[in-house]
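# Survey of secondary and tertiary structure
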Amino acid sequence: LSTLGVAVTALLTALFCHLALGFSALESFLTGAVISSTDAASVFSILRSKKLGLRNHTASLLEVESGSNDPFSYMLTLILLTLMTGEISAPAVVYQIFAQLVYGGALGVGVALAARAFLRRFRFASEGFDAIFLVAVALLSYVVPTLLEGNGYLSVYITGILLGNSQLENKKALVNFFDGATGLMQMLLFFLLGLLSFPSQLPAIAPTALAVVLFLTFVARPAVVFLLMAPFRSTRQMALVAWSGMRGAASIVFSILAITSPAVTNLDLYHIVFFIVLFSILVQGTLIPVVAKKLNMTDQEANVLKTF
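All values reported here derive from a predicted model rather than from experimental measurement. (Residues numbered from 1 in each chain as written. Predicted model: local features only at pLDDT ≥ 70, side-chain atom pairs only at ≥ 80, totals over all residues. Heavy atoms only, no water.)

Together, L184, M185, M187, L188, F191, L192 and L195 make up a nonpolar patch on the protein surface, roughly 740 Å² of accessible area in all. Tracing the backbone shows L188 in helix α9 (residues 171-196). Classification of L188 by relative accessible area gives partly exposed; the value is 42%. (Patch = residues over 30% accessible without salt bridge, like charges linked within 9 Å, V, L, I, M, F, W, Y side chains within 5 Å. Areas by Shrake-Rupley, 256 points an atom, 1.4 Å probe, with all protein chains shown as cover. Salt bridge = Lys/Arg side-chain N within 4 Å of Asp/Glu carboxyl O. Helix = DSSP H or I, 4+ residues; strand = E, 2+ residues; numbered from the N terminus. Buried < 20%, exposed > 50% of the residue type's maximum accessible area, 1.4 Å probe, protein only.)

Below you can see the structure in the form of structure tokens.
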């Protein structure tokens, strides 16, 4: 779902935008790439606030998918923007994919292992410095691969996964610190996103954006989920996963990349994506508890706070 799922979602959405809405080919694929990943923060927030435990490890599945698919959406967006500038060849695209995946993955693992070894062998003079150190590690794991044309999103995600599952001293305090930092960054991010949006421009793009989000929600996402999860033969789980594929801040950030790049588009992509995200969170997000109960996928014994 995090890799092939992102690519197929982007492809189906691009075909719809091109054939049904008349977007140009590259603009169609760019739109598909930008909105192809699901949003971790939105999914986590709803499940945690509603204390919604789910059967069959579905919460863990959603956590891994929505947390790890942003790097692949970012990679597709970057490749499309490069193609739209017309300054790249086929071998260069192949190398870009290689660099994104290999450098991003390898450096993410390398930084995590180095940081873990350091924390296990070195004791800071006072409490709190370990949190500052890990903030530096997070920045380093993003910046270094990015400078080498690798995928910083993939690198920092892998670093976080490896360190988060390691036995570290003072780990409980570190988790609480990063929970608080995450909340602060989300507020800051949405504040900045709000400054870039103009509500007066939303009515003009509403019909187009509504058509895209309805296709994405009721056709593309279910088709991808049922195709990739078919071997597991869990229809109710597939239906819930399909409905829980909300779009969020990551898609808006990637649309900002698009409008600030040298590539020229005739679309108001930012506001189209903004509309899609609002619809996704308000409609899909609100109905996740209802859909989970209708599908009999809730589990009163599961502690969703433990999952995330």
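Within the secondary structure, E65 is located in helix α4 (residues 58-68). Owing to a relative accessible area of 4%, E65 belongs among the buried residues under this scheme. Here R221 takes part through its side chain, which lies 2.7 Å from a polar atom of the side chain of E65. Beyond its immediate stretch of four places on either side in the chain, E65 contacts L1, S2, T38, R221 and V241. (Polar contact = N/O pair within 3.5 Å; in protein donor to acceptor, adjacent residues only side chain to side chain. Contact = heavy atoms within 4.5 Å.)

Time to look at the nonpolar core. Soluble globular proteins tend to pack their nonpolar side chains together in the buried interior. Of all hydrophobic cores here, the largest spans 37 residues; its most connected members are L30, V34, I35, I252, V273 and I276. For this core, the elements supplying multiple residues, two or more each, are α1 (4-19), α2 (25-34), α5 (70-85), α10 (202-229), α12 (249-260) and α13 (269-294). Here V273 is in contact with V34, I35, S251, I252 and S255, once residues within four sequence places are set aside. Residues V43, L62, L240 and L295 belong to the second largest nonpolar core, which totals 21 residues. (Core = buried A, V, L, I, M, F, W, Y, C linked by side-chain atoms within 4.5 Å.)

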